[in-house]
Amino acid sequence: MQNQKLPCVLINSFEEPYCVNEDHVADLKKRLNFVTMQEFLENKTHFGPKIQAIYIWGGKPVIDKELLQSLPTLKIIVNSGAGLDHLDLNLIASFGVKLANTPHAVTNSTADMGMALLLASARRILEGIEVATSPDTKYFSLNWMGQDVTGSTLGIIGMGNIGYKVAQRAKAFEMKILYHNRNRRKVEEEQAVGAHYCEKLDELLQQSDFVMLVLSLTPQTHKLIGKRELGLMKPTAILINIGRGQLVDQDALVEALQTGIIKAAGLDVTYPEPLPRSHPLLKLKNVILTPHIGSATHQSRRLMMENMVESLLAALSGLSIPNEVNLK
């Protein structure tokens, strides 16, 4: 522990693999008094009554009933990122603990990542790098082709903050934009990006050249894209996933990629993460995999940290909590 006068906050670790960004540590320690999980577990009776907040970075520490029962003065849990699928919201609510996340801090960087995967997949960038740098390459084939992005149709599944940012970027590429969402956007929001609402998911899948998943993982969206849905897509279509790995039936996706049901996939998320090193997705040339780095820019991660600290301090001061999650 550092300054005893600062609020006491539980954190997973300051060391890899599940640690906060190293360039955040100095600033965090100026404002908060951290206890690592290891320190806490070694002396629960001492630290338990002192800890008023939990700082979750990269999904750690894991929140369970045993932990919450051991923290009698806990007031708030602050979570990095927008996704909440790793948290039991009902359990947290039952202990009267507040929860805040950072949905706005990750919108631009994650939307950028979605477009990066779309472009790289369409133009077969990784395959091209392999050809250009291979010691076996003797000439560049004139029959080596990718797919146009400009003028093509993008289907966005999940038109929240990030999905809408994707649509803004796609508009600049003169793409036709379709979207499927729980709730339809306002007409003026649709018109601003030229988006067309598809009430039925099947309609979007059948018409899109690119399908991008930009939605949260819930019981309703688990394996939303399975064998049937992949079969509805064009054989030239490319699937992009910047949401959660479990939105897709990965076995069905492997089969679709191997048999030409769809053309390719760009995945920033999988299940599990990382995939087992023997997983067939790692061996397919028509797949681009990245290590869940949608929000991994210096700017976004710092904004996430600042948002988390702001919410944490507001809760401990009895003030309105920015980005509070409604647990009801």
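Residues numbered from 1 in each chain as written. Predicted model: local features only at pLDDT ≥ 70, side-chain atom pairs only at ≥ 80, totals over all residues. Heavy atoms only, no water.

Another aspect to go through is the overall build of the protein chain. If you tally the helices and strands in the protein chain, you get 13 helices and 12 strands. The globule rule puts the C-alpha radius of gyration for 328 residues at 20 Å, and the 22 Å found for the protein chain is close to it. Scored against the burial criterion, the 328 residues of the protein chain give a buried share of 48%. A fraction of 64% describes how many contacts in the protein chain between residues 6 or more apart in sequence connect residues 24 or more apart. Accessible surface computed for the protein chain: about 16,800 Å², of which carbon and sulfur atoms make up 51%. (Helix = DSSP H or I, 4+ residues; strand = E, 2+ residues; numbered from the N terminus. Rg over C-alpha atoms; globule rule 2.2 N^0.38 Å. Buried < 20%, exposed > 50% of the residue type's maximum accessible area, 1.4 Å probe, protein only. Contact = heavy atoms within 4.5 Å. Areas by Shrake-Rupley, 256 points an atom, 1.4 Å probe, with all protein chains shown as cover.)

Strand order in the open sheet formed by 7 strands is 8-7-6-9-10-11-12, and the pairing between neighbours is parallel. Sheet topology places strand 8 (195-197) and strand 12 (287-289) at the edges, where each strand pairs with a single neighbour. Averaged over all neighbouring strand pairs, the angle between strand axes comes to 20°, with direction disregarded. Pairing of strand 6 (residues 153-157) with strand 7 (residues 176-180) involves 5 bridges; the strand directions are parallel. Within the sheet, the bridge partner assigned to Ile-156 lies in strand 7 and is Tyr-179. Contacting strand 10 (238-241), strand 11 (264-267) and strand 12, helix 12 (residues 250-259) runs over the sheet at an angle of about 140° to strand 11. (Pairing = 2+ DSSP bridges. Axes fitted to C-alpha atoms, helices over the stretch in contact; angles between N-to-C directions.)

Taking every second residue as pointing to the same face, both faces of strand 11 are buried, with Ala-264 and Gly-266 on one and Ala-265 and Leu-267 on the other. Two elements, strand 10 and strand 11, share 4 bridges in a ladder whose sense is parallel. Looking at the pairing, Leu-239 lines up with Ala-265 of strand 11. Chirality of the crossover, the property in question, places the unit of strand 10, helix 12 and strand 11 among those that are right-handed. The pairing of strand 11 with strand 12 spans 3 bridges and is classified as parallel. (Right-handed = clockwise from strand over helix to strand, strands pointing away.)

Glancing now at a nonpolar patch on the surface. Taken together, the side chains of Ile-125, Leu-126 and Ile-129 define a hydrophobic patch exposed on the protein surface, amounting to about 260 Å² of accessible area. With respect to the secondary-structure elements, Ile-129 resides in helix 7 (residues 125-133). (Patch = residues over 30% accessible without salt bridge, like charges linked within 9 Å, V, L, I, M, F, W, Y side chains within 5 Å. Salt bridge = Lys/Arg side-chain N within 4 Å of Asp/Glu carboxyl O.)

Here we take up unusual backbone geometry. The step from Tyr-271 to Pro-272 runs through a cis peptide bond, and the omega angle for that step is -5°. Residue position: Pro-272 is located in the loop between strand 11 and strand 12. Cis geometry marks the peptide bond from Glu-273 to Pro-274, where omega comes out at -5°. Note that Pro-274 resides in the loop between strand 11 and strand 12. Not every positive phi belongs to a glycine, and Glu-174 is a case in point at roughly 60°.

Moving on, we come to the UniProt feature "domain: D-isomer specific 2-hydroxyacid dehydrogenase catalytic" (unreviewed entry) in the protein chain. UniProt records the feature "domain: D-isomer specific 2-hydroxyacid dehydrogenase catalytic" (unreviewed entry) at residues 24-326, using the numbering of this structure. With 38% helix and 14% strand, the stretch residues 24-326 has end C-alpha atoms that lie 28 Å from each other. (UniProt positions renumbered as here; feature names shortened; annotations may be inferred.)

Overall, the coordinates contain 4 aromatic pairs when judged by the stated rule. Ring geometry for Phe-14 versus Phe-34: centroids 5.8 Å apart, planes at 85°, classification edge-to-face. Of the two residues, Phe-14 sits in the loop between strand 1 (8-11) and helix 1 (25-31) while Phe-34 sits in strand 2 (residues 33-36), which places them 20 residues apart along the sequence. In this structure Phe-34 comes out as buried when scored by relative accessible area, which is 1%. Centroid distance Phe-34 to Tyr-55: 5.9 Å. Interplanar angle 85°. Geometry classified as edge-to-face. On the criterion of sequence distance, the pair formed by Phe-34 in strand 2 and Tyr-55 in strand 3 (residues 53-56) is long-range, its members being 21 residues apart. The exposure class of Tyr-55 is buried, given its relative accessible area of 0%. (Phe/Tyr/Trp six-rings, centres within 6.5 Å; stacked < 30°, edge-to-face > 60°.)

A word on the domain arrangement of the protein chain. For the protein chain, the domain assignment lists domain 1 (8-105 + 297-325) and domain 2 (107-289). Computed over C-alpha atoms only, the centres of domain 1 and domain 2 are separated by 32 Å. Carbon and sulfur atoms make up 41% of the area that domain 1 and domain 2 hide from each other, which totals about 530 Å². When the buried surface of domain 1 facing domain 2 is broken down by residue, Asp-85, Pro-103 and His-104 rank first, second and third, together holding 60% of it. (Domains from an automatic or database assignment. Buried area = accessible area lost by both parts, 1.4 Å probe.)

Turning to the pattern of salt bridges, a few remarks are in order. All told, the structure shown has 13 salt bridges when counted by the stated rule. For Lys-98, the salt bridge identified is with Glu-324, shortest N-O distance 3.5 Å. Of this pair, Lys-98 sits in strand 5 (residues 98-100) while Glu-324 sits in the segment after helix 13 (298-316); the two residues are 226 residues apart in sequence, bridging distant segments of the chain. Judged by its relative accessible area of 40%, Lys-98 falls in the partly exposed class.

To continue, consider the packing of helix 6 (residues 107-122) against helix 8 (residues 161-172). With their axes 8 Å apart at the nearest point, helix 6 and helix 8 run at an angle of 55° to one another. Comparing the axis directions of helix 6 and helix 8 gives the class oblique. As helix 6 runs across helix 8, the sense of the crossing is right-handed. Contact residues: Thr-107, Asn-108, Thr-110, Ala-111, Asp-112 and Met-115 in helix 6; Asn-161, Ile-162, Lys-165, Val-166, Arg-169 and Ala-170 in helix 8. (Parallel < 35°, antiparallel > 145°, perpendicular 65-115°, else oblique. Left-handed = near helix turned anticlockwise from the far one by under 90°.)

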